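# Summary of structural features
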Amino acid sequence: MKAPLSIICELTHRCPLRCVYCSNPLELAARSLEMTTAEWAATMEQAAELGILHAHFTGGEPLARPDLNAIVAAARRAGLYSNLITSGIGMTEARLDSLLEAGLDHVQLSFQGRDELQADEIAGTRSHAYKLKVAEWIRSRRVAFTVNLVVHRRNLDELAELIAFCASLGPQRLEIANVQYYGWALENRAALMPTRAQMERSVEIVESAKRALADKLRIDFVLPDYYGSQPKACMGGWASQTLIIDPAGRALPCHAAGVLPGLKFDSVREKPLRWIWTDSPAMNKYRGDDWMAEPCRSCERKTVDFGGCRCQAYLLTGNAANADPVCALSPHHELVKSIAAAESTPTCATTAYADDPTSISPRAEAAGKSSGWVYRIFNPPPGIPKADAAQANAGRTESCEQPATATTTH
């Protein structure tokens, strides 16, 4: 069995942002369930022994972990290239320097827009101004720097300006990703779905920017699924290139796989990482093509797109073994087309707040029905202490500094 190239470590689901397109699951892991420093360090060692090369630290907001330096240092000791995927909230200059000293190789900083009011609306909290400071700190240090920009109906009309803004921040790489409709993004799909005209124009704009900035900036562009006729090779194929570890230690083939019924995803707390990757039933469930039915089984693209996304197939058709309905050969393809046509109509024009982002209330006042947005928030299941919920929603720890410009009640 070929080893995965990378391990994505979801260190926590705690986050100071409430992004309306967040791909975290609707049922977030509580702090009390999070893996310890020692458990993450052991996972880094096992990952290196398995042959993994890259460790990506994400969340939630990984800066909410006061032991992030120790985890980064464990990755460095194991010989892994480490990448921090962050909102920047919780970062200070001193903390950035300490992370670099611990061995951090790369930082990916997210932006929700170039206009502060709109960006803060999408993030669900005041954060944009502080992100600009963090970008300056990163740019002034010797560390690889990527800017992540998520695009959707609300900001695609200013894509050219957004690219210019992101380029001005000084990264070596810009990742422009259309919203992928899982988790909280699926809850907000009707407000985020771009129009076909926006999508077609965005391709032209990105290609033009790639040519104009070729000697300065690498631009990667992730297209929206719902307007395609061929599915993406999700994660490079099920349990093929990437392994995700969630905050509680569950090993997953992709971020959204936890929604699939009938699969038991083993934990690194209970099983060796090598066994999970090579032998666990869940990881082998959709490997290869034995599981495929028509039209995938006889399709010449089955070794290219691997049947598309299993989670999307389940969420839209009710059966994870169906062809991804994005595929034009899928009997459910018309469903995707009808969703794109219906939900790209700008019926949700109401912003979550007028001039005061601090007015945002939990889950946008009864699931966003009054505002149009469903904001990411941790609703604890029975048995989870309320303190865990408060920390998950504030993204704080005792030693995680929160900038004065960010609210903690969003």
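Summing up its helical and strand segments, the protein chain has 15 helices and nine strands in all. Split by element, the accessible area of the protein chain, about 16800 Å² in all, is 52% carbon and sulfur.

A few words now on the sheet that holds strand 6 (residues 173-178). Spatial ordering of the open sheet is given by 7-6-5-4-3-2-1-8-9, a layout of nine strands whose pairing is mixed. Two strands in the sheet have a free side with no partner beyond their single neighbour: strand 7 (218-222) and strand 9 (251-252). In terms of strand pairing, strand 4 (residues 106-111) meets strand 5 (residues 144-151) through six bridges, oriented parallel. Residue Val-107 lies in a different strand from strand 5, and its bridge partner there is Phe-145.

Here the distance between the centres and the angle between the planes together describe a pair of aromatic rings. Here the structure, examined in full by the defined rule, presents five aromatic pairs. Seen from their ring centres, Tyr-130 and Trp-137 are 5.9 Å apart, and the 90 degrees between their planes marks the pair as edge-to-face. Considered together, Tyr-130 and Trp-137 belong to a single accessibility category, that of buried residues. Aromatic pair Tyr-181 and Tyr-226: ring centres 5.3 Å apart, planes at 80 degrees, arrangement edge-to-face. Residue Tyr-181 is found in the loop between strand 6 and helix 7 (183-187), and its partner Tyr-226 is found in the loop between strand 7 and strand 8 (242-245); the two are separated by 45 residues along the sequence. For the pair shown, Tyr-181 and Tyr-226 are each scored as buried. An aromatic cluster of at least three residues, connected via ring pairs, comprises Trp-238, Tyr-286 and Trp-291. Geometry around Phe-111 places Lys-131 over its ring, the cationic atom sitting 5.8 Å from the centre. Against the face of Trp-277 rests Arg-287, its NZ or CZ located 4.7 Å from the ring centre.

All right, on to the nonpolar core then. Formed by 113 residues in total, the largest nonpolar core has its most connected members in Phe-57 and Ile-163. For this core, the leading source of residues is helix 2 (residues 68-77), giving six residues.

Residues Arg-95, Leu-96, Leu-99 and Ala-102 constitute the buried set of helix 3 (residues 93-102). One side of helix 3 carries all its buried residues, which in axial view fall inside an arc of 120 degrees. More than 90 degrees from the buried face of helix 3, the exposed residues found are Ala-94 and Glu-101. In this fold, the buried residues of helix 3 make contact with helix 2, strand 3 (81-86) and helix 5 (128-139). Backbone geometry just after helix 3 places Gly-103 at a positive phi near 120 degrees.

What follows is about the side chain of Asn-188. Positionally, Asn-188 belongs in the loop between helix 7 and helix 8 (189-192). For Asn-188, a relative accessible area of 2% translates into the label buried.

Further remarks concern the environment of Arg-76. Relative to the helices and strands, Arg-76 resides in helix 2. Spatially, the C-alpha atom of Arg-76 lies 9.5 Å from that of Ala-55, the residues being 21 residues apart in sequence.

What follows deals with the environment of Arg-77. Here Arg-77 shows up in helix 2. The exposure class of Arg-77 is exposed, given its relative accessible area of 64%. Considering only alpha carbons, one finds Arg-77 and Ala-41, 36 residues apart in sequence, at a separation of 9.4 Å.

Criteria and thresholds
- Residues numbered from 1 in each chain as written.
- Predicted model: local features only at pLDDT ≥ 70, side-chain atom pairs only at ≥ 80, totals over all residues.
- Heavy atoms only, no water.
- Helix = DSSP H or I, 4+ residues; strand = E, 2+ residues; numbered from the N terminus.
- Areas by Shrake-Rupley, 256 points an atom, 1.4 Å probe, with all protein chains shown as cover.
- Pairing = 2+ DSSP bridges.
- Phe/Tyr/Trp six-rings, centres within 6.5 Å; stacked < 30°, edge-to-face > 60°.
- Buried < 20%, exposed > 50% of the residue type's maximum accessible area, 1.4 Å probe, protein only.
- Lys NZ or Arg CZ within 6 Å of the ring centre and 35° of its normal.
- Core = buried A, V, L, I, M, F, W, Y, C linked by side-chain atoms within 4.5 Å.
- Arc of directions from axis to C-beta.
- Contact = heavy atoms within 4.5 Å.

These results come straight from atomic positions and should not be treated as a statement about function.
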